[in-house]
Amino acid sequence: MLQLYFFPMACSLASRIALLEAGIEAQYHLAHIWTKQVVDDGSDFRAISPKGAVPVLVLENGDRLTESAAVLQYIADVKPEAGLAPRFGDPDRYRLQEWLSFIGAEIHKAFLYPTFWYKDDGSLAKPRARIAQTLSVPAMHLANREFLVGNSFTVADAHLTWALLLLRPAGVDIAQWPALSSYLERMQARPAVREAIATEMALRKTMAA
Ligand SMILES: N[C@@H](CCC(=O)N[C@@H](CS)C(=O)NCC(=O)O)C(=O)O
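If you're wondering where the values come from, they're calculated on a predicted model, not measured in any experiment. (Residues numbered from 1 in each chain as written. Predicted model: local features only at pLDDT ≥ 70, side-chain atom pairs only at ≥ 80, totals over all residues. Heavy atoms only, no water.)

**Q** Just checking my understanding: could you explain the UniProt feature "domain: GST N-terminal" (unreviewed entry) in the chain for this structure?
**A** Following the UniProt record, one finds the feature "domain: GST N-terminal" (unreviewed entry) at residues 1-83. End C-alpha to end C-alpha, residues 1-83 measures 20 Å, and it is 30% helix and 19% strand. (UniProt positions renumbered as here; feature names shortened; annotations may be inferred. Helix = DSSP H or I, 4+ residues; strand = E, 2+ residues; numbered from the N terminus.)

Right, dumping it as structure tokens:
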């Protein structure tokens, strides 16, 4: 069985969404991204992945895969009939990779990561100034499309849904991009997305308590 190391509402949420959308049963292990402990057994998360970052997907053969873009595509390819990624050779597969890279690099690492991990000593001014321009790209793309790639939900939508959810706590009001707000509403109406968020929000609350 696949196993996912995750932290509630971190970028690993996209992988949980993808597993649920695909109907793939998996084991979930909470890895604390600040303490670097695996909560199940108190072991060192860096022994699972030296990166100390989620997501980590443990494959059926025991190999470990990191990086959301790779993990999400792996999950999609385990269940191709779920249609979570265009098949290799389809030009849309590169569109999918284009979006996964953009979300991972330009939204996550360029903005969300420093916002949540770095002290705001003025160094966040530049990422803050740039995020509106960055978000206008998916906003324009989604103005007359339901999904990022093709005509159905893909793992790129799982990734963007997570990123959009985190923008509010990061201080960005996505209401200024109606296409993004209505996209997020549509995505949140999906049973798998709802279930993933409810599970992780409940865990998050227990952790805060
Ligand atoms: N490039 C990686 C980034 C993974 C990442 O930064 N994960 C965060 C949570 S959203 C994390 O676990 N950070 C812990 C750390 O950087 O020490 C990916 O896309 O999967």
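**Q** Would you explain the pairing of strand β1 (residues 2-6) in this entry?
**A** Looking along a regular strand, one sees side chains alternate from face to face of the sheet. Counting buried positions along β1 yields 4 of 5 residues, so the element is predominantly enclosed. One ladder, built from 5 bridges, connects β1 with strand β2 (residues 26-30); its direction is parallel. Looking at the pairing, Phe6 lines up with Leu30 of β2. Since β1 and β2 lie parallel, the crossover through helix α1 (residues 13-22) that links them has a hand, and here it is right-handed. The pairing of β1 with strand β3 (residues 56-58) spans 3 bridges and is antiparallel. Across the sheet, the residue bridging to Gln3 is Val58, located in β3. (Buried < 20%, exposed > 50% of the residue type's maximum accessible area, 1.4 Å probe, protein only. Pairing = 2+ DSSP bridges. Right-handed = clockwise from strand over helix to strand, strands pointing away.)

**Q** Looking at this structure, I do not really get helix α6 (residues 155-167). What am I missing?
**A** Every α-helical turn comprises 3.6 residues, leaving residues that sit three or four positions apart pointing alike. Over its 13 residues, α6 extends 19 Å from the first C-alpha to the last, a length consistent with the 18 Å expected when each residue adds 1.5 Å. Of all 13 residues making up α6, 13 are buried, and the element is well covered by its neighbours. (Expected span 1.5 Å × (residues − 1).)

**Q** Help me out: how do you make sense of the nonpolar core in this one?
**A** One recurring pattern in soluble globular proteins is that nonpolar side chains are buried together. Counting 70 residues, the largest nonpolar core has Ile107, Leu112, Leu135, Leu148 and Leu167 as its most contacted members. If one sorts the elements of this core by residue count, α6 sits on top with 10 residues. Split by domain, this core shows at least three residues from each of two domains, domain 1 (2-84) and domain 2 (92-191). Discounting residues that sit within four places of it in the chain, Leu148 has contacts with Trp99, Ile103, His141, Leu142, Ala156, Asp157, Leu160 and Tyr183. (Core = buried A, V, L, I, M, F, W, Y, C linked by side-chain atoms within 4.5 Å. Domains from an automatic or database assignment. Contact = heavy atoms within 4.5 Å.)

**Q** Before we go on, may I ask you to explain the domain arrangement of the chain in this structure?
**A** Under the domain assignment, the chain is made up of domain 1 (2-84) and domain 2 (92-191). Each of domain 1 and domain 2 has a C-alpha centre, and the two are 20 Å apart. Listed per partner, the contact involves 18 residues of domain 1 and 16 residues of domain 2. A combined buried area of about 1500 Å² lies between domain 1 and domain 2, and 66% of that area is made up of carbon and sulfur atoms. At the boundary of domain 1 with domain 2, the tally comes to 2 salt bridges. Across the salt bridge formed by Asp77 and Arg93, the nearest N and O atoms sit 2.9 Å from each other. Counting across the domain 1 and domain 2 interface gives 7 residue pairs in polar contact (both at pLDDT 80 or more). Secondary structure elements with two or more residues in the side of domain 1 that touches domain 2: α1 and α3 (68-78). Counting residues per element, the side of domain 1 that touches domain 2 draws most heavily on α3, at 6 residues. Across the side of domain 1 that touches domain 2, the residue classes tally to 13 nonpolar, 3 polar and 2 charged. (Buried area = accessible area lost by both parts, 1.4 Å probe. Salt bridge = Lys/Arg side-chain N within 4 Å of Asp/Glu carboxyl O. Polar contact = N/O pair within 3.5 Å; in protein donor to acceptor, adjacent residues only side chain to side chain. Nonpolar A, V, L, I, M, F, W, Y, C, P; charged D, E, K, R; others polar.)

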